[in-house]
Structure formats: C-alpha cells, structure tokens
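# Observations on chain architecture
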Amino acid sequence: METRTLKYFLAIAKEENMTAAANTLHVSQSALSRQMADLEARLGRTLFVRTNRQTLLTEDGMRLRQRAEEILSLIEKTEAEFLSSEDDITGEIHIGAGETRAFHLIAQAIKNTQARYPGITFSIYSANALDVSRRLEQGTLDFGLLFEPVNKERCQYLDVPYADRLGLLVSRRDPLAEKEFITENELLSIPLLVSSRFSPDTVLSHISRKNISRLNIRGTYNLIYNASLMVEAGIGSALAIDGLIRTDADSPLVFLPLVPPSQMHTIFVWKKNHLMTKAAEVFLAEIKKICISGSNT
C-alpha cells in the first residue's frame, strides 16, 4: 500500500467529494476513482458510499482513515528526525492532554524550547486519558498529560507539581452562587452536568459510590467550554475543575469548591523504551527542569 494512495484516500475523506479531492490533489477524477477502486479491491472492503454529490466513508473506511492518519504521521516524524542536525534541531512534537490548569507548565516548556530551537513545532491534542494512552501506545503522540491514577507499567513519567481543585460551576443567576462552597450531599438535589464517561481520572470519580446513583444528572460533556454554555443557559451546574473557565466578577458563572476539598493530580508520560526524536529529547529535558524547579518551590 503506497503512501500516495493513503494521501489520496484521506483527501477524499476530508473533502467528502471525489471531484473536489481530485482538484485539491491536481489529478484527474477518473485516475483518482481508479486508485480508490484498486484500494477497495486490494482490501476486500467497501470504503465509500457514493452518491451524485458526496463520497462518504463506510465503517471500514472510517477505520482505514484512522490507520492512514497514524501511518502518515509516523512517516513524517521519521523523516523529520533524520533530516534534522545537532545544530539545527527541527520537527513536530505531538502532545495529548486532558483539560487542566497544569498545562500551563507544558506551555512554559514549549515557549522555552522554541526560544532555543525555533524549528520545533507543537501539535496539541485534547482528549480523555483512554484516547491519549491509546495514541501514545500507537506512536502518534510523543507525550501525554494525564490525570492520576494511571497504569505506569507501560510508560515513563514525571510527577507534575500542580493539583487541580474540584468543584461546581454554577450560573451567577442561580441562588447557589451566593454560597462559598458546596458539599457532596448538597449535590444530590442539584441538576448536574458531568463528564461523559466514568473512570478513575474524571471529576465524577471523586463522588462517593453510594451517592453517584442518586445524582440528578441532566447531561454530559467532554469539553468544559461547551458545558459552561449549558450552565449559563440554566440547564444545570457542571462538576468541573477550577480555573478552566473564567469566573471573575464580570463572568456569568461562579465556581464553588467541593468541601471537604478534593483535588486531581497529573503526570507527564511517554512510552517506555520508545526511541525519541532529537526534538522530543530537548523538550523532555525542558519539562524535567520545570517540574523539578516547581516541586522545590
């Protein structure tokens, strides 16, 4: 399977139209159609649902899209590694992270790294721990910033000297906004928005098991910004991490910390026994300096 064929396939997946993809690739539509027909024949699967106006992916096509993106990403990273020199280190570093204020340490490391090596660029992928861990294992991410607990047997890691405070994001119009904090028992009577999945690295996991089934859950979310708009609209209050959404005096939202206090800790991880690019090595050295200096303050 040639990389050119995979690039052609991804162009069609992006454009959702054979003619538009052919124009983007500067090839004829007939040639592109033949390439895709050959690819389907070789794999023995139907990759596209074709209509007069659209060319959409089947379930097998969506699976191939994920693999094609992973394969081409690894090829690009390998080429960049061998083309860079000791004096002029370049390349793209891929980092996966959940939503956390701890990312400000990663941002500082990115700034410091690019000040020394302007040719190093960064791609940030926001996702949950399961997705980030899978991509680390596949090699499409170089590093991950994950909430504890994490299975550390298959990764190397640094403890990040920062803890996120947990609480409830409420509308300033809500009578709850007059409170200074919120207890777990008080949560039982509040319409809630919670993380879309339950696992040890989500805010919901910090609620006692006996109370989880008693919560009045009105909706779920993956990213807190969209959830904040739901809170503002009066749909419910969101169990969340402090500092991700503006809650100053001019904000329509208020953050109430949980009492007793509850925190989430993060670690910076990378795949064990993984051969790093030069760009990844210098970035990791910068992260180590920041984490060590932060833990001593």
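The text that follows walks through the structure, step by step, so that each part is easy to find. (Residues numbered from 1 in each chain as written. Predicted model: local features only at pLDDT ≥ 70, side-chain atom pairs only at ≥ 80, totals over all residues. Heavy atoms only, no water.)

Before going further, it helps to examine the nonpolar core. Grouped together as the largest cluster of nonpolar side chains are 27 residues, with contacts concentrated most on Phe-143, Phe-268 and Phe-283. Elements that contribute at least two residues to this core include exactly β3 (91–97), α5 (103–116), β4 (120–126), β5 (143–147), β6 (155–171), β12 (263–271) and α10 (278–295). (Core = buried A, V, L, I, M, F, W, Y, C linked by side-chain atoms within 4.5 Å. Buried < 20%, exposed > 50% of the residue type's maximum accessible area, 1.4 Å probe, protein only. Helix = DSSP H or I, 4+ residues; strand = E, 2+ residues; numbered from the N terminus.)

Moving on: the packing of aromatic side chains. Under the counting rule described, the total for this entry stands at seven aromatic pairs. When the ring of Phe-9 is compared with that of Phe-48, the centres are 5.6 Å apart and the planes differ by 50°; the resulting orientation is tilted. In this pair, Phe-9 sits in helix α1 (residues 3–15) while Phe-48 sits in strand β1 (residues 48–50), placing the two residues 39 residues apart along the sequence. Classification of Phe-9 by relative accessible area gives buried; the value is 0%. The class for Phe-48 is buried, based on a relative accessible area of 3%. Ring centres 5.0 Å apart and planes at 25° place the aromatic pair Phe-143 and Phe-268 in the stacked group. Of this pair, Phe-143 sits in strand β5 while Phe-268 is found in strand β12, placing the two residues 125 residues apart along the sequence. Like Phe-268, Phe-143 is buried. (Phe/Tyr/Trp six-rings, centres within 6.5 Å; stacked < 30°, edge-to-face > 60°.)

On to the side chain of Glu-286. Residue position: Glu-286 is located in helix α10. Apart from the residues lying within four places of it in its own chain, the contact partners of Glu-286 are Ala-109, Asn-112, Thr-113 and Arg-116. (Contact = heavy atoms within 4.5 Å.)

Trans peptide bonds make up the majority, and among non-glycine residues the majority have a negative phi. Residues Glu-148 and Pro-149 are joined by a peptide bond in cis, for which omega reads 0°. Locating Pro-149 in the fold gives a position in the loop between β5 and β6. In this model, Val-259 is joined to Pro-260 through a cis peptide bond whose omega is 0°. If you trace the backbone, Pro-260 turns up in the loop between β11 (253–259) and β12. Residue Glu-16 is not a glycine yet carries a positive backbone phi of 55°. Secondary-structure assignment places Glu-16 in the loop between α1 and α2 (18–25). For Glu-16, a relative accessible area of 36% corresponds to the partly exposed category. The backbone phi angle of His-26 is positive, close to 60°, even though this residue is not glycine. Considering the arrangement of structural elements, one finds His-26 in the loop between α2 and α3 (29–43). Look at His-26 and you get exposed, because its relative accessible area is 73%.

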